[in-house]
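# What the coordinates show
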Amino acid sequence: MPLMVLLGMGVRSGATPVDGWFQQGGGSPLGWLLMFTDAGTVKALMIVAMIVAVARRLWALVPLIVAVPLLAVLATQTLKPWFGRMKGDALAYPSGHTTVMIVVLGMLVLAVGVRTWVLLAAAAFAGLGIVGQAVTYHYFTDAVGSVLLGTSLVCVAALILRRVHRGTRGSWLRLRL
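For clarity, every value in this text was computed on a predicted model and none was experimentally measured. (Residues numbered from 1 in each chain as written. Predicted model: local features only at pLDDT ≥ 70, side-chain atom pairs only at ≥ 80, totals over all residues. Heavy atoms only, no water.)

## What about the overall build of the protein?
A tally of regular secondary structure across the protein gives 7 helices and 2 strands. Sequence-ordered secondary structure for the protein, helices as α and strands as β, is α-α-α-α-β-β-α-α-α. Against the compact-globule benchmark of 16 Å for 177 residues, the protein has a radius of gyration of 17 Å, which places it among compact chains. C-alpha extents for the protein along the principal axes are approximately 55 × 30 × 25 Å. Expressed as a percentage of its 177 residues, the buried residues of the protein come to 45%. Taking the contacts inside the protein whose residues are at least 6 apart along the sequence as the reference set, 79% of them involve residues at least 24 apart. In the form shown here, the protein has an accessible surface area of approximately 9,000 Å², with 71% of it arising from carbon and sulfur atoms. Counting 14 positive and 4 negative side-chain charges, the protein places the centres of these two groups 25 Å from one another. (Helix = DSSP H or I, 4+ residues; strand = E, 2+ residues; numbered from the N terminus. Rg over C-alpha atoms; globule rule 2.2 N^0.38 Å. Buried < 20%, exposed > 50% of the residue type's maximum accessible area, 1.4 Å probe, protein only. Contact = heavy atoms within 4.5 Å. Areas by Shrake-Rupley, 256 points an atom, 1.4 Å probe, with all protein chains shown as cover. Lys, Arg positive; Asp, Glu negative; His and termini not counted. Charge placed at Lys NZ, Arg CZ, Asp CG, Glu CD.)

This is the structure:
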């Protein structure tokens, strides 16, 4: 979270050279990568995460799969006016779509279990979504800030799950962290 705040303070005044490089892709076929941050895609990932959590009997994770993305929306809506970074006529930092995508991917990783292939698949999915946002509605650094915010929220969720797991002596919570 502190890095997200520092980045936001640093990019308040406008685009960076890296942002400019990504913006050159505007209007190109890279715009179709927005599908990775689309609300329908993210909702489908949430449903998959809930199904996996229920199948693995990760009961404490199920409400977090719903609550943490909602918290991510609230956080981005609260932080955008504070940072005040504009792109066109809209507040841009941090990107709400990217933050929610990162959070839902994190919840899916927690549901499936932290394995190398899961992390690589989630990173590839996130990278494609970030590029889609960086060449269209947001600056690249908006997406980077969103990754920092989203991963912070997922870490808090993982800590809550670990605490719940330690509080239960049974085997009902099979969490690979």
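Don't stop here, the text continues.
## Observations concerning the pattern of salt bridges
Scanning all chains against the criterion turns up 2 salt bridges. Three or more residues are tied together by salt bridges with common partners; here these are Asp19, Arg85 and Asp142. (Salt bridge = Lys/Arg side-chain N within 4 Å of Asp/Glu carboxyl O.)

## Observations concerning the packing of aromatic side chains
One pass over the full model with this rule turns up 6 aromatic pairs. Between phenylalanine 22 and phenylalanine 140 the ring centres are 4.3 Å apart and the planes differ by 5 degrees, which places this aromatic pair in the stacked class. With a gap of 118 residues between them, phenylalanine 22 in helix α2 (residues 17-23) and phenylalanine 140 in helix α7 (residues 140-167) connect regions that are remote in the sequence. Plain terms: the ring middles of tryptophan 82 and phenylalanine 83 are 4.7 Å apart, the flat faces sit at 75 degrees to each other, and that makes the pair edge-to-face. The class of tryptophan 82 is partly exposed, set by a relative accessible area of 46%. Over the ring of tryptophan 82 we find arginine 12, and its NZ or CZ is 5.4 Å from the ring centre. Against the face of tyrosine 139 rests lysine 87, its NZ or CZ located 5.5 Å from the ring centre. (Phe/Tyr/Trp six-rings, centres within 6.5 Å; stacked < 30°, edge-to-face > 60°. Lys NZ or Arg CZ within 6 Å of the ring centre and 35° of its normal.)

## Section: the side chain of threonine 37
Relative to the assigned elements, threonine 37 resides in the loop between α2 and α3 (39-55). On the basis of relative accessible area, threonine 37 is assigned to the buried category, the value being 3%. At 2.8 Å, the side chain of threonine 37 forms a polar contact with the side chain of glutamine 133. In this view, threonine 37 contacts Val42, His97, Thr98, Met101, Gly129 and Gln133; residues no more than four positions away in its chain are not counted. (Polar contact = N/O pair within 3.5 Å; in protein donor to acceptor, adjacent residues only side chain to side chain.)

## So, the nonpolar core
One finds Leu61, Met101 and Met107 to be the most contacted residues of the largest nonpolar core, which totals 44 residues. Counting only elements with at least two residues in this core, the list comes to α3, α4 (61-83), α5 (96-112), α6 (116-134) and α7. No other element matches the 12 residues that α5 contributes to this core. Not counting the four nearest positions on each side in its chain, leucine 61 is found in contact with Ala53, Met107, Leu110, Ala111 and Leu161. (Core = buried A, V, L, I, M, F, W, Y, C linked by side-chain atoms within 4.5 Å.)

## Quick word on the environment of tryptophan 82
Tracing the chain through its elements places tryptophan 82 in helix α4. Once the C-alpha coordinates of tryptophan 82 and glycine 14 are considered, the two residues, 68 residues apart in sequence, prove to be 15 Å apart. Those residues in contact with tryptophan 82 that lie beyond four places of it in its chain are Val5, Met9 and Arg12.

## With respect to α3
Helix length check: α3, at 17 residues, gives a terminal C-alpha distance of 24 Å against a target of 24 Å (1.5 Å per residue), a fit within 8%. For α3, the full list of buried residues reads Val42, Leu45, Met46, Ala49 and Ala53. Along the axis of α3, the buried positions cluster into a sector of 105 degrees, meaning they face one direction only. Relative to its buried face, α3 has exposed residues pointing more than 90 degrees away, namely Lys43, Ile51 and Ala55. (Expected span 1.5 Å × (residues − 1). Arc of directions from axis to C-beta.)

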